[in-house]
Amino acid sequence: LEIAGAHVGIGVGYFTDGDYKKAIQWYDSGIGYRHPVAFYNMGYMYYAGFGVEKDIEKAREYIREAVKNGLDLGVATPLRGAEGYLDFAKGLLAS
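What this report covers is the structure whose coordinates are included nearby. If you're wondering where the values come from, they're calculated on a predicted model, not measured in any experiment.

Digging into the overall build of the chain
Part 1 of the argument: A count of helical and extended segments in the chain gives five helices and zero strands.
Part 2 of the argument: In the chain, the succession of helices and strands from N to C terminus is α-α-α-α-α.
Part 3 of the argument: Put simply, the chain has 95 residues, and 38% of those count as buried.
Part 4 of the argument: If you take every contact in the chain between residues at least 6 apart in sequence, the share linking residues at least 24 apart comes to 55%.
Part 5 of the argument: Looking at the chain as shown, the accessible area adds up to about 5,100 Å², and 52% of this sits on carbon and sulfur atoms.

Given below as C-alpha cells:
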C-alpha cells in the first residue's frame, strides 16, 4: 500500500493545484492497488464534478468500494472544501 499511498498523495497535490484531470489519473492508479483513500477521493471527484461530469451514483459506488477496502468514514479526513461530501458518504452508509 505504500506505492498506492504515494500515488494518492500525488493526486491530492494535483487536486490542490486545481489540475483535476491529473488528480484523477493518480487516484485511478491508487484504485488499481485497491487503496481505500483513492476510492474515496475519486468518489469526491464525481460527487462534486471535478474533472468529470457530476454523477452521484458513481460517487456512491466509489464510497462503497472505499469502505469495502478498509476506509473508516468515522476517521476519514475530507479534502479541502469537502465537508459536505463526508456527510454524504456517512449518510450513505446509514441508509
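Alright, that's what it looks like, and here's the rest.
Focus on the packing of helix α3 (residues 36–48) against helix α4 (residues 56–68)
Part 1 of the argument: Packing of α3 against α4 leaves a shortest axis separation of 8 Å and a crossing angle of 165°. One element, α3, and the other, α4, form an angle in the roughly antiparallel class. Helix-helix and strand crossings are classified by hand; for α3 and α4 the assignment is left-handed. Side by side, α3 and α4 meet where P36, F39, Y40, M42, G43, Y46 and Y47 of the first sit next to I56, K58, A59, Y62, E65 and A66 of the second.

What counts, and at which threshold
- Residues numbered from 1 in each chain as written.
- Predicted model: local features only at pLDDT ≥ 70, side-chain atom pairs only at ≥ 80, totals over all residues.
- Heavy atoms only, no water.
- Helix = DSSP H or I, 4+ residues; strand = E, 2+ residues; numbered from the N terminus.
- Buried < 20%, exposed > 50% of the residue type's maximum accessible area, 1.4 Å probe, protein only.
- Contact = heavy atoms within 4.5 Å.
- Areas by Shrake-Rupley, 256 points an atom, 1.4 Å probe, with all protein chains shown as cover.
- Axes fitted to C-alpha atoms, helices over the stretch in contact; angles between N-to-C directions.
- Parallel < 35°, antiparallel > 145°, perpendicular 65-115°, else oblique.
- Left-handed = near helix turned anticlockwise from the far one by under 90°.

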